[in-house]
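Results of the structural survey
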Amino acid sequence: MRDINNPNPKISFKLSMNSKLEIGLRQGVNTFTIIVISLFISLGNLAKGAQSKPNLLFIIADDQSPFDLKVYNPLSELDTPNIDKLAQNGVVFDAAYHMGAWVGGVCTPSRHMVMSGRTVWHIPDKPNRKSNNPNVADPNLVPADLEDHTMAAVFNRAGYETMRTCKKGNSYEAANNKFTIRKDATKRGGTEESGSAWHADQVIDYLETRSDKKNNKPFLIYFGFSHPHDVRDGTPELLKKYNATNHRDKNSFPKAHPKQPLLPPNYLPEHPFHHGHPRLRDEVNVSGVWERRDPVTIRNEIGRQFACSENIDIQIGRVIEQLKSQGEFENTIIIYTADHGMAIGRHGLQGKQNLYEHTWRVPYIVSGPGVKSGIRRPGNIYLLDTLTTLCDLAGIKSPPTNEGKSFKPVLMGNEDRVRDVLYGVYCGGTKPGMRSIRKGQWKLIKWDVLDGSVRQTQLFHLGINPHEWIDQHQEIKVVKLTGLRPHPLQTNLAKHPNYQEKLEEMESLLQKEMQRLNDPYKFWDQK
C-alpha cells in the first residue's frame, strides 16, 4: 500500500521537535544517499531554526506617566492609536514599576536596570563622577564585568543582530556600546530632524538595509525616544491640536485656552511639604514651567507633553508599517514602556523624583507572536525584569548576573503576577530620602529628608484611592479646579485609627525589603 505522505517507498522519515532526523530503511538504499538527504534536511532545519527566533522591538519613551495614555486613563485627551492597537492585541501591565533612583537624573539608574537586569542597589553609576550608589565599590554587589552581561552583549552572543537608537546621556554607556549598530542623539525639537521622527528614521533605515541585504538573522532593536522629556517642543501641528505653545518667557504666563488638556485629578497648586531635594532642576528650572504650578502653566505643559507623546505614537506607526511591508511584523514581539513616570502638576510636583503612582509606575505593553491578545494583568513587574524576559522569549539563557524575574508566564496567560511585593526608592536629594512598598492594594510611602526636618508617612489603599488623594485634595479651592471631591477614606490613612495594624504590617514589610535589597540607609523609626 502506498503511503500518500511518503511518495518514495524506499525511505520513511519523521522530523521530531528537536530537529533530529529519524531514518529507517524499508528497502535497499545506498549509504551515500542517506547521508546526502540527512545533511540536506539538517542544514535546512538549522536555517529554519535561526529564522524561527522572534525579532524583538523594545520601545522606551523618556519621562511618561502611564496615566497620560488612554490605555491606563480612559479620560486622557492624548491620542495614541498605534499604542492603543498594541494594547488591544497584547498584554497590558497594570502594576509595572521602575525600582527607583539614588540620583536626580532618575533615567540613569532606571536604564542601568533595564540593560543589566539588576536591582537598584546592585548597579554602577555613570563613570567619572563620585558614585551616588554607596554599594558601587563592592564587587559582590556590583560585578566588575557587568557590562559583558547586559542586553546587547547577551543577544550578540546568541546570534542576534542588535541595533539601538536613543538619546545621549543619563544612561549605561558601557552597555550601549555593545550594540552592533548604534545611532544615538538627543532629539527634543519640534521638527522631523530635531525630534522623534529622527529616531524612527534610524530604525527604518536599518530595516530597509536589512531587507535589501536579505538578512535573516533575528534582530533586537532598542528603539528609544528623547521625548516627551523636557524641553517639550512639539511640532506646530500637534501643538495646535492640544492648544499649547512652546512657552519660553519666564516673566510671563503661557496663553490660556479652554480646550487645553484638563488638570489631572490629583492636581495640587503645591505639595504640602518639601520633597527633600533643594533646587532640584525638575522642580524649579524646567523651561515653560519653572517653579509655577498654576492651572494655566500646568495645562499648557500637559498639552506640550501630549503633543510630544502623540508624535512618538506616529513614529511607532511608521516603524510598524515598515515591518509589515517587508514581512517581519508577524515574527516581531513589541514592548512599549518608559523609563519612569512624571508628575506635571500631580500632587503639586513637576518632575520624576517622587514615589506616587503617576511617577513610580510606568506604562508596559507587550504584543506579538505567542503573547496573549487583549488581556490586562497586574504583573507586579519591574523594568529590570525586561532582560530576563526577552531572553526567555528568545530561548536564550539569562546572564548569571541577572536578578530579574521573567514574566513570560504572564504573557502566555498562565500567571497574573511574578511577585507579591514591590519596593521603590528615591534618595537623589537629602538622605535617606523616600521609600515605598506595595502589597496588593496597600501602599506605603515614607519621607525622611532635610536632615529630619521633614518626616512623613503615607498609607493608601489604591483600590479605594487610585489617585492617592491626600487631605489637600479636599480643599474647596482645589475641588473647584479639578471638579472632583474625594470621599473621606480617599486620603492618607496613616493616622486613621482603623488602619494602624495595616500600617505596622507595611512598615515591617518595607524594612525587610530594604534589608533584602542592600539598601544602605535607615529611617528615623527603623531599628
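Here's what I pulled together on the structure shown here. (Residues numbered from 1 in each chain as written. Predicted model: local features only at pLDDT ≥ 70, side-chain atom pairs only at ≥ 80, totals over all residues. Heavy atoms only, no water.)

It is worth spelling out the overall build of the protein at this point. A count of helical and extended segments in the protein gives 14 helices and 17 strands. Over its C-alpha trace the protein gives a radius of gyration of 26 Å, about what one expects of a compact globule, namely 24 Å for 527 residues. Seen through its C-alpha atoms, the protein measures out along the principal axes to roughly 95 × 55 × 50 Å. Each of the 527 residues in the protein was classed as buried or not, and the buried ones make up 57%. Considering only intrachain contacts with a sequence separation of at least 6, the fraction spanning at least 24 residues in the protein is 68%. When the accessible surface of the protein is split by element, carbon and sulfur atoms take 52% of a total near 22400 Å². Here the protein contributes 69 positively and 58 negatively charged side chains, and the mean placements of these two sets differ by 3 Å. (Helix = DSSP H or I, 4+ residues; strand = E, 2+ residues; numbered from the N terminus. Rg over C-alpha atoms; globule rule 2.2 N^0.38 Å. Buried < 20%, exposed > 50% of the residue type's maximum accessible area, 1.4 Å probe, protein only. Contact = heavy atoms within 4.5 Å. Areas by Shrake-Rupley, 256 points an atom, 1.4 Å probe, with all protein chains shown as cover. Lys, Arg positive; Asp, Glu negative; His and termini not counted. Charge placed at Lys NZ, Arg CZ, Asp CG, Glu CD.)

Another aspect to go through is the packing of aromatic side chains. Under the definition given, this model contains 15 aromatic pairs. For the pair Phe273 and Trp447, a centre-to-centre distance of 4.8 Å together with 90° between the ring planes defines the contact as edge-to-face. With Phe273 in the loop between helix H7 (236–241) and helix H8 (281–284) and Trp447 in strand E16 (residues 442–449), this pair connects stretches of sequence that are 174 residues apart. The two residues Phe273 and Trp447 agree in class, both being buried. Taking the centre distance of 5.5 Å and the plane angle of 90° together, the rings of Tyr364 and Phe407 count as edge-to-face. Taken together, the residues span a long stretch of sequence, with Tyr364 in strand E11 (residues 364–367) and Phe407 in the loop between helix H11 (386–394) and helix H12 (408–411) at a distance of 43 residues. (Phe/Tyr/Trp six-rings, centres within 6.5 Å; stacked < 30°, edge-to-face > 60°.)

The two faces of the sheet receive side chains in turn, since in a regular strand these alternate between them. Where burial is concerned, most of strand E7 (residues 161–165) is hidden: 5 out of the 5 residues are buried. Of the two faces of E7, the one lined by Glu161, Met163 and Thr165 and the one lined by Thr162 and Arg164 are each fully buried. Relative to strand E8 (residues 181–182), E7 is paired through 2 bridges, and the arrangement is parallel. By the bridge assignment, Met163 is partnered in E8 with Ile181. (Pairing = 2+ DSSP bridges.)

With that settled, consider the environment of Asn518. In this structure, Asn518 sits in the segment after helix H14 (500–516). When near neighbours in sequence (up to four residues on either side) are disregarded, Asn518 contacts Trp121, His122, Asn135 and Leu141.

Considering soluble globular proteins, one finds that nonpolar side chains tend to be buried as a cluster. The biggest cluster of nonpolar side chains holds 50 residues, and the ones touching the most others in it are Met99, Val120, Trp121, Tyr423, Ile437 and Leu459. Taken together, the elements giving at least two residues each to this core come down to strand E14 (421–426), strand E15 (433–439), E16, strand E17 (454–461) and H14. Ile204, Tyr206, Phe219 and Ala338 belong to the second largest nonpolar core, which has 42 residues in total. (Core = buried A, V, L, I, M, F, W, Y, C linked by side-chain atoms within 4.5 Å.)

With that out of the way, let us pick up the side chain of Thr332. Its place among the elements puts Thr332 in strand E10 (residues 332–338). Accessibility expressed as a relative area gives 1% for Thr332, which makes it buried. Polar contacts involving the side chain of Thr332 include one to the main-chain carbonyl oxygen of Glu328, which spans 2.6 Å. What Thr332 contacts, discounting residues up to four positions off in sequence, is Asn55, Leu57, Phe219, Leu323, Ser367, Gly368 and Pro369. (Polar contact = N/O pair within 3.5 Å; in protein donor to acceptor, adjacent residues only side chain to side chain.)

Tallied over the full model, the rule gives 40 salt bridges. The salt bridge partner of Arg281 is Asp282, with a shortest N-O separation of 2.8 Å. Under the relative-accessibility criterion, Arg281 is labelled partly exposed at 39%. Through salt bridges that share partners, Asp62, Arg111, Lys167, Arg188 and Asp339 make up one connected network. (Salt bridge = Lys/Arg side-chain N within 4 Å of Asp/Glu carboxyl O.)

The next thing to look at is unusual backbone geometry. Each neighbour pair has its own omega, and for Asp230 with Val231 the value is 10°, a cis peptide bond. You can see Val231 is positioned in the loop between strand E9 (219–228) and H7. Between Lys431 and the following residue, Pro432, the backbone shows a cis peptide bond with an omega angle of 0°. Of note, Pro432 is situated in the loop between E14 and E15. Not every positive phi belongs to a glycine, and Asn170 is a case in point at roughly 50°.

On to the sheet that holds strand E3 (residues 55–62). The 8 strands lie next to each other as E8-E7-E9-E3-E10-E11-E4-E12, forming an open sheet whose pairing is mixed. With one partner strand each, in any of the chains shown, E8 and strand E12 (375–377) form the two edges of the open sheet. Alignment of E7 against E9, held across 5 bridges, turns out to be parallel. Within E9, the position partnered with Arg164 by the bridge is Tyr222. Helix H6 (residues 196–212) rests against E3, E7, E8 and E9 of the sheet, and its axis sits at about 165° to E9. Across the face of the sheet, H11 comes into contact with E3, E9, E10 and E11 while running at roughly 160° to E3. (Axes fitted to C-alpha atoms, helices over the stretch in contact; angles between N-to-C directions.)

Pairing is mixed across the open sheet formed by 5 strands, whose spatial order is E6-E14-E15-E16-E17. Looking at which strands have only one partner, the edges of the open sheet turn out to be strand E6 (100–101) and E17. Looking at chain direction, E15 and E16 are connected through 7 bridges and run antiparallel. The residue bridging Arg435 from the neighbouring strand is Lys446, located in E16. This element, H14, spans E14, E15, E16 and E17 of the sheet and lies at about 110° to E15.

You can see Arg210 is positioned in helix H6. When its relative accessible area of 3% is taken as the criterion, Arg210 is described as buried. C-alpha of Arg210 to C-alpha of Gln326: the two residues are 116 residues apart in sequence and 9.6 Å apart in space.

With that settled, consider the side chain of Asp385. Tracing the sequence through the fold places Asp385 in the loop between strand E13 (381–382) and H11. Among the polar contacts listed, one links the side chain of Asp385 to the backbone nitrogen of Lys405, at a separation of 2.7 Å. Other than its neighbours up to four places away in sequence, Asp385 contacts Gly404, Lys405, Phe407, Val418 and Arg419.

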